[in-house]
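The chain contents come next:
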Amino acid sequence: DMELHEACGVFGVLAKEPCVKIAEVIYHGLIGLQHRGQESAGMIISDGTTMKEIKGMGLVSHIMTDEMMDRLSGGKLGIGHTRYSTQGASDLANCQPISTETFRGRIALAHNGQLINKDHLRNQLLSQDIKLTTESDSEIILKILAAIMLKYSNYDPESADWMKVIEEFMNQSVLSYSFIMMTRDRLYGVRDPYGNRPLCIGRFHAEGDTTRTMGWILSSESSPFLSISAKLWREVQPGEIVCLHLSDNGDENLISHPNQNCTNKLASCLFEYVYFSRSDTILENQMVYSVRFRCGQLLAIKAPVYNADLVSCIPNSSTPAALGYSIQSTIPYVQVLIRNTYVGRTFIQPNHQTRQSSIKRKFGLLTENILGKKIILIDDSIVRGNTIIPLIQALKSAGAKEIHIRVASPPVRHPCFMGIDIPTQDELIANKVASLTQLAKKLDADSVEYLSYQDLLLAVQNDMYFTDCFIIKGIGDNSHRRGYCSACFTGEYPVSLDW
Ligand code: SF4
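Since the model is a prediction, treat every value here as computed from it, not as a measurement.

A. Geometry of the site of the ligand. Taken together, Asn196, Arg197, Cys269, Leu270, Phe271, Cys416, Met418, Ile420, Cys485, Ala487 and Cys488 are the residues near the ligand. A molecule is said to occupy a pocket when more than half its atoms come within 2 Å of that pocket's grid points, and by this definition the ligand occupies the second largest cavity. Residues belonging to the shell around the ligand are distributed by class as follows: nine nonpolar, one polar and one charged. Mapping the shell around the ligand onto the domain boundaries places at least three of its residues in each of domain 1 (8-284 + 465-490) and domain 2 (287-340 + 349-457).

B. Here's a closer look at the sheet that holds strand S1 (residues 8-15). Taken together, seven strands build an open sheet; the order of strands is S3-S2-S4-S1-S10-S9-S11 and the sheet is antiparallel. Edge positions in the sheet fall to strand S3 (51-57) and strand S11 (230-235), since each of these pairs with one other strand and no more. Neighbour-to-neighbour, the strand axes of the sheet open up by a mean angle of 20 degrees, direction not taken into account.

C. Region of the structure containing empty space enclosed by the protein. This model, assessed by the stated rule, comprises five cavities of 30 Å³ or more. Of the volumes computed, that of the second largest cavity is approximately 110 Å³. Forming the boundary of the second largest cavity are 14 residues, of which Cys269, Phe271, Cys416, Cys485 and Cys488 lie nearest the centre. Among the elements of the structure, helix H7 (271-276) and helix H15 (487-490) are those that each provide at least two residues to the lining of the second largest cavity. Looking at side-chain class alone, the lining of the second largest cavity contains twelve nonpolar, one polar and one charged residues.

D. Local environment of helix H1 (residues 22-32). Within H1, eight of the eleven residues are buried, which leaves the element mostly enclosed by the surrounding structure. Among all positions in H1, only Ile22, Ala23, Val25, Ile26, Tyr27, Gly29, Leu30 and Gly32 are buried.

E. Here's a closer look at the sheet that holds strand S20 (residues 374-379). An order of S17-S20-S21-S22 is seen for the four strands of this open sheet, with the pairing classed as parallel. Lying at the two open borders of the sheet, with one neighbouring strand each, are strand S17 (310-313) and strand S22 (447-450). In this sheet, neighbouring strand axes are inclined to one another by 25 degrees on average, regardless of whether the strands run parallel or antiparallel. Relative to S22, strand S21 (residues 402-407) is paired through four bridges, and the arrangement is parallel. Looking across to S22, one finds that Arg406 is bridged to Glu449. In this fold helix H12 (residues 388-397) packs onto S20 and S21, with an angle of close to 150 degrees to the strand it touches most, S21.

F. Representation of the pairing of strand S13 (residues 252-258) in the model. In the sheet, strand S12 (residues 240-246) pairs with S13 via seven bridges, with the strands oriented antiparallel. Across the sheet, residue Val242 finds its bridge partner in S13, namely Ser256. Connecting the antiparallel pair S12 and S13 is a turn made up of five residues, with Gly250 showing a positive phi of about 90 degrees.

G. Summary view of the UniProt feature "binding site: Mg(2+)" (unreviewed entry) in the protein. The positions that UniProt labels "binding site: Mg(2+)" (unreviewed entry) are, in the present scheme, Ser317, Asp379 and Asp380. For this annotated set, covering 64 residues, all C-alpha atoms fall within 8.2 Å of each other, a compact arrangement in space. By secondary structure assignment, the location of Ser317 is in the loop between S17 and helix H9 (319-329). The residues contacting Ser317, other than those within four sequence positions of it, are Tyr275, Arg292 and Asp380. A polar contact of 2.5 Å, which involves the side chain of Ser317, links it to the side chain of Asp380. Given the relative accessible area of 7%, Asp379 is considered buried.

H. Structural context of helix H13 (residues 436-443). All of the buried residues in H13 are Leu439, Ala440 and Leu443. Considered in projection along H13, the buried side chains sweep an arc of 100 degrees and stay on one side of the axis. In H13, those exposed residues whose orientation departs by more than 90 degrees from the buried face are Thr437 and Lys441. Packed against the buried residues of H13 are H12 and S22. A positive phi of about 65 degrees marks Asp444, the residue just after H13.

I. Examining the packing of aromatic side chains more closely. Taken as a whole, this structure holds nine aromatic pairs when the rule is applied. Arranged with centres 5.7 Å apart and planes meeting at 40 degrees, the rings of Tyr177 and Phe179 form a pair that is tilted. A relative accessible area of 0% places Tyr177 in the buried class. Accessibility expressed as a relative area gives 0% for Phe179, which makes it buried. Note on Phe271 and Phe489: the rings are 5.3 Å apart at their centroids and 15 degrees apart in plane angle, and the pair reads as stacked. Separated by 218 residues along the polypeptide, Phe271 in helix H7 and Phe489 in helix H15 bring together distant segments of the chain. In this pair, the class of Phe271 matches that of Phe489, namely buried. Ring pairs connect the aromatic residues Phe271, Tyr275, Phe276 and Phe489, which therefore count as one cluster.

Thresholds, definitions, all that
Residues numbered from 1 in each chain as written. Predicted model: local features only at pLDDT ≥ 70, side-chain atom pairs only at ≥ 80, totals over all residues. Heavy atoms only, no water. Near = heavy atom within 4 Å. 1 Å grid on protein atoms, 1.4 Å probe; cavity = no way out; pocket = protein on both sides within 12 Å on 5 of 7 lines; lining within 4 Å. Sits in = over half its atoms within 2 Å of the grid points. Nonpolar A, V, L, I, M, F, W, Y, C, P; charged D, E, K, R; others polar. Domains from an automatic or database assignment. Pairing = 2+ DSSP bridges. Helix = DSSP H or I, 4+ residues; strand = E, 2+ residues; numbered from the N terminus. Axes fitted to C-alpha atoms, helices over the stretch in contact; angles between N-to-C directions. Points joined across faces, edges and corners; volume = space filled by probe spheres on them. Buried < 20%, exposed > 50% of the residue type's maximum accessible area, 1.4 Å probe, protein only. Contact = heavy atoms within 4.5 Å. UniProt positions renumbered as here; feature names shortened; annotations may be inferred. Polar contact = N/O pair within 3.5 Å; in protein donor to acceptor, adjacent residues only side chain to side chain. Arc of directions from axis to C-beta. Phe/Tyr/Trp six-rings, centres within 6.5 Å; stacked < 30°, edge-to-face > 60°.

What follows is the structure, encoded as structure tokens:
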């Protein structure tokens, strides 16, 4: 597999109105998060008493057929998950959401991220004779939550509640997770104290009546919201636990519980802006598209190419940066590649020829736009170089005169331990060469330049503003805090690497 992978998308819904079809809302939510993981998907829904689930390998639309969805009719709340495996094998046993029985009834969990102290937590569970059946971090979280609840309930059954349980888990493990936990009648949205993985809250309304609340959403990104008539309410804050539930009179409650031990340091993943999130997603109150556009503008200022005929990109995540470069440089934006959106996953074993051309199968060439042209090609990031090398070859063989690569992020030089599948240092192309001239040679390009780390930060922070509606009671100044993980670019990890 050639590209960089996110570790998952999580989605949860709580219906206020009984007519809401929970399984359908989750289906559309997962389709809107499909870019975060394509290996497996699943959902678990609760009717207030029992939980039902579907899970499978492959894309959401392949797994959640009409027949499967019929099995999940009804329900008042539910959670869903799309997965790319970073921990644990890519098989059905590791599909999420997962669930377990606890002292306080069944709980289900959908998780995005990777626990940095996983080995310690695993040993702790095993030493208490708690069995683990998979290699996944998500099972560790689930079993720890169940174990803490048991401890609290033995000590004081009256006051044992999930907010306290989750808070204790957060004190035991600070990185990296966003997860949604479901009991038979409540949803809990949790973001780690560093805010490394994203999670937001949405409110969805009746078609044509935006004042009538139909229910509430928790989601890795706001990208699915348009498809389910939802609006972004706010992000879950770093270290925050939110609980969504209906009270006895049918009114919805959203309770926020800030983690008192929340670290002062924040480490939101910068790569969400660079590549992972969909361009229409809102992070920190700004469109991801706008940040990518500004990255392109800064790149045009800092790394110009003179007398070029056109600016183009590797679609689709590089498109906003290419447009930014074009507007800033006044060099026209012209497409040279189109992405074949229908490639999907194939389970047919590739033969020699198809294996060679797996990248080329994903793209088509707009040959008349290429012939004889001096092209500035924008890419959002270069990791191994496995995508860009065959594309440069294809553009050259279609008659491109010159190809100048401009990368809208800094060189990726370090692996990620927070849930992103970044290869080892030796596999990263930026570490295989001593200079940009050598890199250009390796890529068979005429030149290569990257956006600097300082300019990426400038692009990210440029337009940030905060309004009162984003300040949460009880958290106060936390909503103004920000800080980023840049470890894959700079080697500076949010916590010291002692595992
Ligand atoms: S190392 Fe890179 S990909 Fe991983 S969390 Fe940090 S910024 Fe994101």
